[in-house]
Amino acid sequence: MSEYQYYEFLALDRPLDDDEVRQVRALSTRADITATRFVNEYHWGDFKGDPTKLVEQFYDAHLYYANWGSRRLVLRLPAGTLRAKEATAYAMDDALGVWTRSGHTLLDFSLSSEDGAEWEFDTHYTLSTFVGLRSELAAGDLRPLYLGWLAGLTAWELAEYDEEEYAREIEPPVPAGLGALTGPQRALAEFLGVDADLLAAAAEASEPAGADPVSRKALAAFIAGLPAADKDTLLLEAALGTAPSPGPHLLARYRATIAPTPRGGTGPRSAAELLDRAHALRTERRERERVARAAAERSRARAAAEAREAHLDRLARNVDQVWMDIDDLIAQKKAGAYDAAVVLLGDLRALEARTGGTADFDRRTAELRAAHRGKPSLMQRFDKMGIPRS
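Residues numbered from 1 in each chain as written. Predicted model: local features only at pLDDT ≥ 70, side-chain atom pairs only at ≥ 80, totals over all residues. Heavy atoms only, no water.

(A) Spatial organisation of the overall build of the protein. Per the secondary structure count, the protein includes 16 helices and seven strands. When each of the 390 residues of the protein is scored for burial, the buried share is 42%. Contacts in the protein between residues far apart in sequence, at least 24 positions, make up 74% of those at least 6 positions apart. Total accessible area on the protein stands at roughly 20900 Å², and carbon and sulfur atoms take up 53% of it. (Helix = DSSP H or I, 4+ residues; strand = E, 2+ residues; numbered from the N terminus. Buried < 20%, exposed > 50% of the residue type's maximum accessible area, 1.4 Å probe, protein only. Contact = heavy atoms within 4.5 Å. Areas by Shrake-Rupley, 256 points an atom, 1.4 Å probe, with all protein chains shown as cover.)

Next comes the structure, spelled out in structure tokens:
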């Protein structure tokens, strides 16, 4: 099997300067490189650079996947828009890493080929699919982080970890809206192989998205109460273009003051509880699907039986013409015509059987055998459909 690897980097908050572009270009002579984007596909060989260092120094997003199943998405946000301490609550070994570098919080969503998930070769991603996650995170939407944690739990379940490990692992805060993910979040869940039933189990403790819409009046009061130095800094950075738009950051700070409690006031669940619930939902879903398939099969069988009866009714209105058609097909002395003749014979036998006997059919097919005994191919077809020899 040939090798395939995809590397992409995006600079979103500021473009690379000429010197930085030269540094990146030195790592690859074949990549498509601009001041805001680096992309390359490898069918042999490998990328010479260190993707982690590139994101730490230059880029705000990195995407990687290979045809043997490994995949990685790294997002870099200013620490002021997403605090590392808040994100670390969702960190999961071999699924979501969190660290800081030079005033930024970095999120590393990754799964290796050892997790057992095979890549779908007809699926192709680019960073444009995922960059919306940065804005969502900056605005205080932590669903992408929870999906990273769930991806790790999905891998755990596939690897069949020790039950005690499941019991010790406690879920992080459950964000609102897990039952209605955004487009980038659905893509992230698919990219990371998050189990759909596990996600449904997690969503049972998640408030609906938009349950607490932003009040213009309340937001205005919150902004008015911010320290003047904070507002001056936000405006200065926005004017100079040295930081992302302050809107998401302000919304995130506001929403943090009105964060909803989990649905029903339930406390955090253990990984074991979530996996057990996911198993129950999976069992229920598969039973519903089995019942639906059985009902669909019964419906198809009824429709086929009704169509068959209608076809026989049409033949019954002109049986003599059908026998003439059979004679004409046999006279063609061709395999396809013989097959068509045998099909019509089967219809006539079924039609006569509806009236309680096949004596006339047996007589006429015996005559056909006698008339065409010199056609071995036709005789083999008669034998196969059980027409008795005279």
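There's more to say after this.
(B) Examining the nonpolar core more closely. Core analysis: the biggest nonpolar cluster contains 57 residues, and Leu73, Leu107 and Leu153 have the highest contact counts within it. Broken down by element, this core gets its largest block of residues, eight residues, from helix α5 (residues 143-159). In contact with Leu153, other than residues within four places in its own chain, are Met92, Leu198, Ala271, Leu274 and Leu275. The next biggest cluster of nonpolar side chains, apart from the first, holds 22 residues, and it includes Val322, Trp323, Leu329 and Met379. (Core = buried A, V, L, I, M, F, W, Y, C linked by side-chain atoms within 4.5 Å.)

(C) Seen up close, the packing of aromatic side chains. Within the structure shown, the criterion is met by 17 aromatic pairs. Relative to Tyr59, the ring of Phe9 lies with its centre 5.2 Å away and its plane at 35°, an arrangement referred to as tilted. On the criterion of sequence distance, the pair formed by Phe9 in strand β1 (residues 5-10) and Tyr59 in the loop between α2 (51-57) and β4 (61-66) is long-range, its members being 50 residues apart. Accessibility classification places Phe9 together with Tyr59 in one group, the buried group. Plain terms: the ring middles of Phe58 and Tyr59 are 6.5 Å apart, the flat faces sit at 90° to each other, and that makes the pair edge-to-face. Look at Tyr59 and you get buried, because its relative accessible area is 0%. Put simply, the rings of Tyr7, Phe9, Phe38, Tyr42, Phe47, Phe58, Tyr59 and Tyr64 touch in pairs and so form one group of aromatic residues. (Phe/Tyr/Trp six-rings, centres within 6.5 Å; stacked < 30°, edge-to-face > 60°.)

(D) A look at the side chain of Thr105. Topologically, Thr105 is positioned in strand β7 (residues 104-111). A distance of 2.7 Å separates the side chain of Thr105 from the backbone oxygen of Leu82, its partner in a polar contact. Other than its neighbours up to four places away in sequence, Thr105 contacts Leu75, Arg76, Leu77, Pro78, Ala79, Leu82, Arg83, Ala84, Val98, Trp99 and Thr100. (Polar contact = N/O pair within 3.5 Å; in protein donor to acceptor, adjacent residues only side chain to side chain.)

(E) Highlighting the pattern of salt bridges. Taken as a whole and judged by the stated rule, the model has 24 salt bridges. A salt bridge links Arg269 to Glu171, with the shortest nitrogen-to-oxygen separation between them at 2.8 Å. Of this pair, Arg269 sits in the loop between α11 (246-256) and α12 (271-316) while Glu171 sits in the loop between α6 (163-168) and α7 (183-191), placing them 98 residues apart in sequence. Note that Asp347 and Arg308 form a salt bridge whose closest N and O atoms lie 2.4 Å from each other. You can see Asp347 sitting in helix α14 (residues 335-353) and its partner Arg308 sitting in helix α12, a full 39 residues away along the chain. (Salt bridge = Lys/Arg side-chain N within 4 Å of Asp/Glu carboxyl O.)

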